[in-house]
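Residue-level listing of the chains:
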Amino acid sequence: MKLLSVVGTRPNFIKEYSFSKTCEENDIDEIIVHTGQHYDYQMSQLFFKELEIPKPHYINEILKGRIGYETATMLSFIEEVLIEERPDVTLVYGDVNSTLAAAIASAKLRIPVAHIEAGLRSGYRHNPEEINRKVADAVSDVLFPHIQEAYDSLMHEGYEKNDVYLFGDIMKDSLDRIVSEFDIKISRNGYIYATVHREENADSPERLKNIVDAFIESGMNIKFPVHPRTKNKMMEFELYDRIANSGNVEIMEPVGYLENIRLMAGADKVITDSGGVRREAYMLEKPVISLINIIWVPSMLACGWKTIADASEKNNILDAIRNHDPKGERPELFGDGKTSEKIVKVLLERYG
Ligand code: UDP
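Rules used in this analysis
Residues numbered from 1 in each chain as written. Predicted model: local features only at pLDDT ≥ 70, side-chain atom pairs only at ≥ 80, totals over all residues. Heavy atoms only, no water. Salt bridge = Lys/Arg side-chain N within 4 Å of Asp/Glu carboxyl O. Buried < 20%, exposed > 50% of the residue type's maximum accessible area, 1.4 Å probe, protein only. Helix = DSSP H or I, 4+ residues; strand = E, 2+ residues; numbered from the N terminus. Contact = heavy atoms within 4.5 Å. Pairing = 2+ DSSP bridges. Right-handed = clockwise from strand over helix to strand, strands pointing away.

Asks: Now, about the pattern of salt bridges: what can you tell me, with residues and values included?
Replies: Applying the stated criterion to the full structure yields 27 salt bridges. In this structure, Lys 185 and Asp 183 form a salt bridge, with 2.6 Å as the shortest nitrogen-oxygen distance. Exposure class is identical for Lys 185 and Asp 183. Each is exposed. Between Glu 253 and Lys 231 there is a salt bridge, with its nearest N and O atoms 3.5 Å apart. Taken together, the positions of Glu 253 in the loop between β9 (249–252) and α12 (257–265) and Lys 231 in helix α10 (residues 228–236) put the pair 22 residues apart, joining distant regions of the chain. Judged by relative accessible area, Glu 253 falls into the partly exposed class, the value being 42%.

Pasting the structure below:
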């Protein structure tokens, strides 16, 4: 089987970390295509280096512009590669613009598309990730939802049962791998770990100000690796100097995966608007505070380990930072850490 994996952003690289190792173990001819969506060292090359992900066979030199322009240039780049390589199947991850571009390019060439993390629905039809995921799902031939709710959504929307496989979350594979390789211990060391990057928060002067104000006013020790998009916006909205000089919030450059998991594993709580960080924090037994009122994994909320502190109100955030302290049961929601093996097996059966 010749499989072409398309990656473009930080969360894609982290999933590819497990997937590429599983391909290697199964002697699969995997062609890796990097769309260039995340291109600076800390958001891209760092992960290939530290996680020993094979160097991409094709890397797009993305031309920055509006979303439509960027997506179109990625689509055209991927189309050229697909025509050249003619894989048996194209693999795409999650909900980013690279996913959308690759899924459309491949489907148009009648090359089957496999979608990892399919089916997740928040019900917000204008959310950029929701649009990408729905379109990618619609043109995919085989779908791998990562949680029960995503599987249920696909069934509800009429997807063919034989094309949908619920095997768990490939992020858990990556997390388990790094935790065991580096013997990372879960502990609580008196700080909160924070990440912020979603368009809804980073691009809104009011919401970003509420986040910055709440972090500073809480007086808590907060470790905050800042996504490049958020850093630019903080500078534009004149928030950056204040938070950087606050004394209690430790601003850092984005960190590598190992450092990120170490920091998360040692935190008292995690506050974030990231889909991936939220799930990892839950897997690492941390109380999770979500800075956006969009629910992707209802069962994390239902069991009480995640709370929503929407960034529309500073006091929501302050209250959660001070008081969110779940004690109840924390059910296993994300599978057994063997998701990539199960996906590879199905792909070999279908396209091998
Ligand atoms: N992450 C990282 N370094 C950081 C922040 C996040 O390695 O400084 C990892 C994190 O562990 C998770 C992934 O990046 O696996 C999440 O990516 P992001 O928050 O950019 O995207 P999302 O998951 O929201 O799509």
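On we go.
Asks: Tell me about the environment of Lys 314, residues and numbers included.
Replies: Tracing the backbone shows Lys 314 in helix α15 (residues 314–323). The partly exposed category is assigned to Lys 314, whose relative accessible area is 24%. Placed 168 residues apart in sequence, Lys 314 and His 146 show a C-alpha to C-alpha distance of 32 Å. Residue contacts for Lys 314: discarding those within four places in its chain leaves Asn 210, Asp 213, Ala 214 and Glu 217.

Asks: I'd like a rundown of the pairing of strand β10 (residues 269–272), residues and numbers included.
Replies: Here β10 shows two buried faces, one formed by Lys 269 and Ile 271 and the other by Val 270 and Thr 272. Of the pairings in the sheet, the one linking strand β7 (residues 192–195) to β10 comprises 4 bridges and is parallel in character. Within the sheet, the bridge partner assigned to Ala 194 lies in β10 and is Ile 271. Bridge count between β10 and strand β11 (residues 288–290): 3 bridges; the pairing is parallel. By the bridge assignment for β11, Val 270 is matched with Val 288. What joins β10 to β11 is helix α13 (residues 275–283), and the crossover it makes is right-handed.

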